[in-house]
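Given next are the chains, with one letter for each unit.
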Amino acid sequence: MQFFDTHAHMYAEAFAEDRIACMERAFAQGIEVVSLPNIDSRSIAPMHEIRSRFPEKTLGMMGLHPGSVKEDFEEELDIVKKELDKGGYHAVGEIGLDLYWDKTFFPQQVEAFVTQINWAKDKNLPIAIHVREAFPELFQIMDEHCDDRLSGVFHCFTGNGDDMIKALAYPNFYLGIGGVVTFKNGGLDKILPGADITRLVLETDAPYLAPVPFRGKRNETSYINLIAEKLAEIMELPIAEIARQTTSNARKLFKLDE
């Protein structure tokens, strides 16, 4: 079976001591491709470093994370734009809205999100959306700016049933299913049976949100198998079918076969 981890920060400092070993362990366990999202200007170099080490097994995204939107967000966006103009990226991300930690820069988050949506449209790239405690606000922006030129994924989807229905109403979007699906009170086990398997992709969001039985510990991309096993149980499908379909979906998401 081949798996596709659509979102993992394997360049993060959490992997400073064993990054290469973690990547090689993942590939040995059937992870075909790992997609690496950018956060801000500080993560570009380490992301490029891991991409250069595994060019055939990794994809790069370029974007400004909403949690990194501060006073200097315009300077950060300029860096993102210059990187996107260089080419070689497979998505704009991760981008979006986050009202969980700090609402101080919410207007700037909105501006950064809309700006990066427009860049994605211009460059025919999908977007990887981060949304936390901000689904109504994000859907309002999506309703205004989503057209047939926009595609992407709701990364690390943790919304409720209504949020799922709304997210999947955007025809070119997928839900990223990660470690939360294994949490006892995560809630995804209740709503995902109502989703179409052709609209789901797998992700770890490593080093964050490790699946059970590693919850609370460092996550890594090799744990994608545990997420797939739980999704197979929820969807009442063989794990081989989960692997096949979610990998096919991920390839469509990142336009790898075009």
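Because the structure is a prediction, the values reported are computed rather than measured.

**Observations regarding unusual backbone geometry**
Phi is mostly negative for residues that are not glycine, and the peptide bonds are mostly trans.
Line of reasoning, step 1. Of note, the bond from glycine 93 into glutamate 94 is cis; its omega dihedral lies within 30 degrees of zero at 5°.
Line of reasoning, step 2. Of note, the amide linkage connecting valine 212 to proline 213 takes the cis form, showing an omega dihedral of 15°.
Line of reasoning, step 3. Along the polypeptide, proline 213 turns up in the loop between strand S8 (200-202) and helix H8 (224-235).
Line of reasoning, step 4. Notably, asparagine 124 is not glycine yet its phi reads approximately 55°, a positive angle.
Line of reasoning, step 5. Looking at the secondary structure, you find asparagine 124 in the loop between helix H4 (106-123) and strand S5 (127-132).
Line of reasoning, step 6. Backbone geometry places leucine 209, a non-glycine residue, at a positive phi of 55°.
Line of reasoning, step 7. Relative to the helices and strands, leucine 209 is located in the loop between S8 and H8.

**Digging into the packing of helix H2 (residues 41-53) against helix H3 (residues 73-86)**
Line of reasoning, step 1. Viewed as axis vectors pointing N to C, H2 and H3 meet at an angle of 30°, and their least axial separation amounts to 10 Å. Compared by their axis directions, H2 and H3 come out roughly parallel. Across the interface between the two elements, Ser41, Ile44 and His48 from H2 touch Glu76, Ile79 and Glu83 from H3.
Line of reasoning, step 2. The class makeup of the residues in the contact of H2 with H3 is two nonpolar, two polar and two charged.

**Notes on the side chain of asparagine 225**
Line of reasoning, step 1. Relative to the helices and strands, asparagine 225 is located in helix H8.
Line of reasoning, step 2. Given a relative accessible area of 19%, asparagine 225 falls into the buried group.
Line of reasoning, step 3. Beyond its immediate chain neighbours, meaning those up to four positions away, asparagine 225 contacts Phe3, Gln29, Ile31 and Ile239.

**Topic: the packing of helix H5 (residues 135-145) against helix H6 (residues 161-168)**
Line of reasoning, step 1. Where H5 meets H6, the axes come as close as 11 Å, and the angle between the chain directions of the two elements is 15°. Accordingly, the angle class assigned to the pair H5 and H6 is roughly parallel. In terms of crossing hand, the pair formed by H5 and H6 is left-handed. Across the interface between the two elements, Phe135, Phe139 and Asp143 of H5 pack against Asp163, Lys166 and Ala167 of H6.
Line of reasoning, step 2. Taken together, the residues of the contact of H5 with H6 break down into three nonpolar, no polar and three charged.

**Notes on H8**
Line of reasoning, step 1. For H8, with 12 residues, the first-to-last C-alpha span of 16 Å sits near the 16 Å given by 1.5 Å per residue.
Line of reasoning, step 2. Immediately beyond the C-terminal end of H8, within one or two residues, lies glutamate 236, with a positive phi of roughly 55°.

**A closer look at the nonpolar core**
Line of reasoning, step 1. Ranked by size, the top nonpolar core spans 78 residues in total, and within it Met10, Phe113, Ile127, Met142, Phe154 and Leu192 carry the most contacts.
Line of reasoning, step 2. Per-element accounting of this core gives the leading share, seven residues, to H8.
Line of reasoning, step 3. Contacts of isoleucine 127, omitting those with residues within four sequence positions, involve Val92, Ile95, Phe113, Ile117, Ala120, Leu150, Ser151, Gly152, Val153 and Phe173.
Line of reasoning, step 4. Tyr174, Val201, Ala250 and Leu253 belong to the second largest nonpolar core, which has 12 residues in total.

**Describing the pairing of strand S4 (residues 92-98)**
Line of reasoning, step 1. Across the seven residues of S4, seven count as buried, placing the element largely inside the fold.
Line of reasoning, step 2. Note that S4 and S5 share six bridges and pair parallel. Within the sheet, the bridge partner assigned to glycine 96 lies in S5 and is histidine 130.
Line of reasoning, step 3. Considered for its hand, the β-α-β crossover made up of S4, H4 and S5 is right-handed.

What counts, and where the lines are drawn
Residues numbered from 1 in each chain as written. Predicted model: local features only at pLDDT ≥ 70, side-chain atom pairs only at ≥ 80, totals over all residues. Heavy atoms only, no water. Helix = DSSP H or I, 4+ residues; strand = E, 2+ residues; numbered from the N terminus. Axes fitted to C-alpha atoms, helices over the stretch in contact; angles between N-to-C directions. Parallel < 35°, antiparallel > 145°, perpendicular 65-115°, else oblique. Contact = heavy atoms within 4.5 Å. Nonpolar A, V, L, I, M, F, W, Y, C, P; charged D, E, K, R; others polar. Buried < 20%, exposed > 50% of the residue type's maximum accessible area, 1.4 Å probe, protein only. Left-handed = near helix turned anticlockwise from the far one by under 90°. Expected span 1.5 Å × (residues − 1). Core = buried A, V, L, I, M, F, W, Y, C linked by side-chain atoms within 4.5 Å. Pairing = 2+ DSSP bridges. Right-handed = clockwise from strand over helix to strand, strands pointing away.

Shape is all these values report; function is a separate question.
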